[in-house]
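The lines below spell out each chain.
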Amino acid sequence: MSLRHLKIFIAVAELGNMHAAARKLFIAQPAISQAIAEIERFYNVKLFERLSKKLYITPAGESFLFYARHILALYGELEQEMHNKIEHSQLNIGATITAGTCLIPHMIGEFKKSYPRMDVRVSINTADYLAQELLHNNLDIAFVENVYDASDLIAEPFLDDEMVLVCAPNHPFAGREAVSLEEISQDRYIGREKESQEPFVEYMHLHNLSLNISWRCNNSETTKLAVMNNYGITHISRLIVKKELDMGSLVEICLEDGYRLVRKMKMLYHKSKYLSDPLMELMDICRGLEVTLPC
């Protein structure tokens, strides 16, 4: 027995004709006859009397019709209730500073077009912290630029994140066509909270050079303000400083060796995570960011 059997039976009972039921349900007439016969065999009852090529519902058929209608009505309520719960449920998102500043507002705006009443909660933190939250099921998904090494997490690349060296407009490097790594090493550098999070540090080490880190900032706004006030230079995501570069309040520094770093933003989620429709919608939005993200 299935819902299909109930729907077929109700159509036959209401129309009084198997051919009419077949047309209404877009099912071949033999399939209609077979479904009615299967119900009758299953319950060992006669649902219809067939007299002079006409169908007459039996008392057992009337009882069956009563329950069939109620079952389908309850199933419809179940479907509606579950869809409402999905629409009103909560989605917990994690993001690093770059993703949280530059991508999350646009992503949530797009997501809300499909799920306007869903409660979306965002946690901005380091990739290491977000990975632990994913492992403890406190987050549904996280958007990071650094991969956390955990076998239980899946990291799916979705967007290029170009890093640029920047300085203030009145900095000596601002009017230069190119600058050497030696000169960079002698200037003041605005660093991140952890040196391990500085991709430029490793590159300098490869050339037996180090950075003169005079400041350490744990957020992008403080870093940008420090550079704009000419307290030093920094290496930062182009997404973070795009507006300042366009306005001229920050200037890009080009290196003599043509160094350029492009890393991938990644969606991070548990390998056993159930990917609900809302979560898959958000992931699809991420995959399309290269097209939909405002320039």
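Conventions and cut-offs
Residues numbered from 1 in each chain as written. Predicted model: local features only at pLDDT ≥ 70, side-chain atom pairs only at ≥ 80, totals over all residues. Heavy atoms only, no water. Salt bridge = Lys/Arg side-chain N within 4 Å of Asp/Glu carboxyl O. Helix = DSSP H or I, 4+ residues; strand = E, 2+ residues; numbered from the N terminus. Buried < 20%, exposed > 50% of the residue type's maximum accessible area, 1.4 Å probe, protein only. 1 Å grid on protein atoms, 1.4 Å probe; cavity = no way out; pocket = protein on both sides within 12 Å on 5 of 7 lines; lining within 4 Å. Points joined across faces, edges and corners; volume = space filled by probe spheres on them. Axes fitted to C-alpha atoms, helices over the stretch in contact; angles between N-to-C directions. Parallel < 35°, antiparallel > 145°, perpendicular 65-115°, else oblique. Left-handed = near helix turned anticlockwise from the far one by under 90°. Contact = heavy atoms within 4.5 Å. Phe/Tyr/Trp six-rings, centres within 6.5 Å; stacked < 30°, edge-to-face > 60°.

Examining the pattern of salt bridges
Here's step 1: Taken as a whole, this structure holds 17 salt bridges when the rule is applied.
Here's step 2: Where Arg 238 meets Glu 162, a salt bridge forms, and the shortest distance between an N and an O atom there is 2.9 Å. Linking Arg 238 in helix α11 (residues 238-247) with Glu 162 in strand β6 (residues 153-167), this pair joins segments that are 76 residues apart in sequence.
Here's step 3: Overall, the relative accessible area of 18% leaves Glu 162 in the buried class.
Here's step 4: Glu 162 serves as the salt-bridge partner of Arg 260, at 3.0 Å between the closest nitrogen and oxygen. With a gap of 98 residues between them, Arg 260 in the loop between β10 (251-253) and β11 (261-270) and Glu 162 in strand β6 connect regions that are remote in the sequence.
Here's step 5: Looking at Arg 260, the relative accessible area reads 56%, which means it is exposed.
Here's step 6: Here the residues in one salt-bridge network are Glu 162, Arg 238, Glu 252 and Arg 260, joined through shared partners.

So, the layout of surface pockets
If a probe as big as a water molecule is rolled over the atoms, it shows which places are left empty.
Here's step 1: Approximately 230 Å³ is the volume attributed to the second largest pocket.
Here's step 2: In terms of lining residues, the second largest pocket is bounded by Leu 159, Asp 160, Asp 161, Glu 162, Arg 238, Leu 239, Lys 242, Arg 260, Val 262, Leu 289, Glu 290 and Leu 293.
Here's step 3: Looking at the lining of the second largest pocket, the elements with two or more residues in it are β6, α11 and α13 (289-292).

Quick word on the packing of helix α10 (residues 220-228) against α11
Here's step 1: Axis separation between α10 and α11 bottoms out at 11 Å; the angle between their running directions is 40°. As the angle between them shows, α10 and α11 are arranged oblique. Handedness of the α10/α11 crossing: right-handed. Listed contacts from α11 to Ser 220, Lys 224 and Met 228 of α10 are Ile 240, Val 241 and Glu 244.

Some points on the packing of aromatic side chains
Centre-to-centre distance and the angle between the planes together describe a pair of aromatic rings.
Here's step 1: A complete count under the given rule lists 12 aromatic pairs for this structure.
Here's step 2: Ring plane angle 20° and centroid distance 5.2 Å describe the contact between Phe 111 and Tyr 115, whose orientation is recorded as stacked.
Here's step 3: According to the relative accessible area criterion, Phe 111 is buried, its value standing at 1%.
Here's step 4: Under the relative-accessibility criterion, Tyr 115 is labelled buried at 16%.
Here's step 5: Centre to centre, the rings of Phe 200 and Tyr 259 are 5.6 Å apart; their planes meet at 40°, and the pair counts as tilted.

Description of empty space enclosed by the protein
Here's step 1: In the structure shown here, the tally under the stated rule is 1 cavity of 30 Å³ or more.
Here's step 2: Of the voids in this model, the largest cavity is the one considered here, and its volume is about 170 Å³.
Here's step 3: Together, 20 residues line the largest cavity, and Thr 98, Arg 192, Ser 220, His 235 and Ile 236 are the ones closest to its centre.
Here's step 4: The leading source of residues in the lining of the largest cavity is strand β9 (residues 234-237), at 4 residues.

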